[in-house]
Amino acid sequence: MKKGDGNFRFVVCVNNDDYPASLELRKLYHTIEDKEAERRNFLRVVDESGEDYLYPAHYFVALPLPGEVEEALTNLPS
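Residues numbered from 1 in each chain as written. Predicted model: local features only at pLDDT ≥ 70, side-chain atom pairs only at ≥ 80, totals over all residues. Heavy atoms only, no water.

Looking now at the overall build of the protein. Within the protein, the regular secondary structure consists of two helices and five strands. Shown N-terminal to C-terminal, the secondary structure of the protein runs as helices and strands in the order β-β-α-β-β-β-α. Put simply, the protein has 78 residues, and 29% of those count as buried. Expressed as a percentage of contacts within the protein between residues at least 6 apart in sequence, the contacts between residues at least 24 apart total 46%. As presented, the protein carries roughly 5100 Å² of accessible surface, and 52% of it is formed by carbon and sulfur atoms. (Helix = DSSP H or I, 4+ residues; strand = E, 2+ residues; numbered from the N terminus. Buried < 20%, exposed > 50% of the residue type's maximum accessible area, 1.4 Å probe, protein only. Contact = heavy atoms within 4.5 Å. Areas by Shrake-Rupley, 256 points an atom, 1.4 Å probe, with all protein chains shown as cover.)

On to the pairing of strand S3 (residues 42–46). Of the strand pairs in this sheet, strand S2 (residues 28–32) and S3 are connected by two bridges, and their pairing is antiparallel. Note on S3: the bridge partner recorded for Thr-31 is Val-45. (Pairing = 2+ DSSP bridges.)

This part is about the nonpolar core. In terms of nonpolar packing, the biggest core is built from nine residues, these being Val-11, Cys-13, Leu-23, Tyr-29, Leu-43, Val-45, Tyr-55, Tyr-59 and Phe-60. Listing elements by their share of this core, those giving two or more residues are strand S1 (8–13) and S3. Excluding anything up to four places from it in sequence, Val-11 contacts Lys-27, Leu-28, Tyr-29, Thr-31, Leu-43, Phe-60, Val-61, Ala-62 and Leu-63. (Core = buried A, V, L, I, M, F, W, Y, C linked by side-chain atoms within 4.5 Å.)

This brings us to the environment of Leu-28. Mapped onto the fold, Leu-28 is located in strand S2. Expressed as a C-alpha distance, the spacing of Leu-28 and Leu-63, which sit 35 residues apart in the sequence, is 8.5 Å. When neighbours within four sequence positions are excluded, Leu-28 is seen to be in contact with Phe-10, Val-11, Val-12, Leu-63 and Leu-73.

The subject of this paragraph is the pattern of salt bridges. Counted by the stated rule, this structure contains five salt bridges. In this structure, Lys-35 engages Glu-33 in a salt bridge whose closest nitrogen and oxygen atoms are separated by 3.1 Å. Between Arg-40 and Glu-36 there is a salt bridge, and its shortest N-O distance comes to 3.1 Å. Here Arg-40 falls in the exposed class, since its relative accessible area comes to 56%. (Salt bridge = Lys/Arg side-chain N within 4 Å of Asp/Glu carboxyl O.)

Under the defined criterion, the tally for this structure stands at four aromatic pairs. A centroid spacing of 4.9 Å and a plane angle of 85° characterise the contact between Tyr-19 and Tyr-55, whose relative ring orientation is edge-to-face. Taken together, the residues Tyr-19 in the loop between S1 and S2 and Tyr-55 in strand S4 (residues 52–56) connect sequence positions 36 residues apart. Their ring planes at 65° and their centres at 5.9 Å tell us that Tyr-19 and Tyr-59 sit as a pair that is edge-to-face. Remark: Tyr-59 occurs in the loop between S4 and strand S5 (60–62) and Tyr-19 occurs in the loop between S1 and S2; sequence separation between them is 40 residues. One aromatic cluster is present, built from ring pairs that chain together Tyr-19, Tyr-29, Tyr-55, Tyr-59 and Phe-60. (Phe/Tyr/Trp six-rings, centres within 6.5 Å; stacked < 30°, edge-to-face > 60°.)

Have a look at this one:
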């Protein structure tokens, strides 16, 4: 995970059928921009392990957040 690169986007998990140990339903996750993955309908998501992995994009819904909230979430200690 690359902190501070400004490429964070937040999503909510709405499906974890194939990854129940890695993804929690209704949990907020941040993604890391990966244009190649997005072209293939995947998102690079930081999951429960703290690592980023590719997951099907349809498992998530993008969640726009106010700037102050997004700033606070992206600057949390590791």
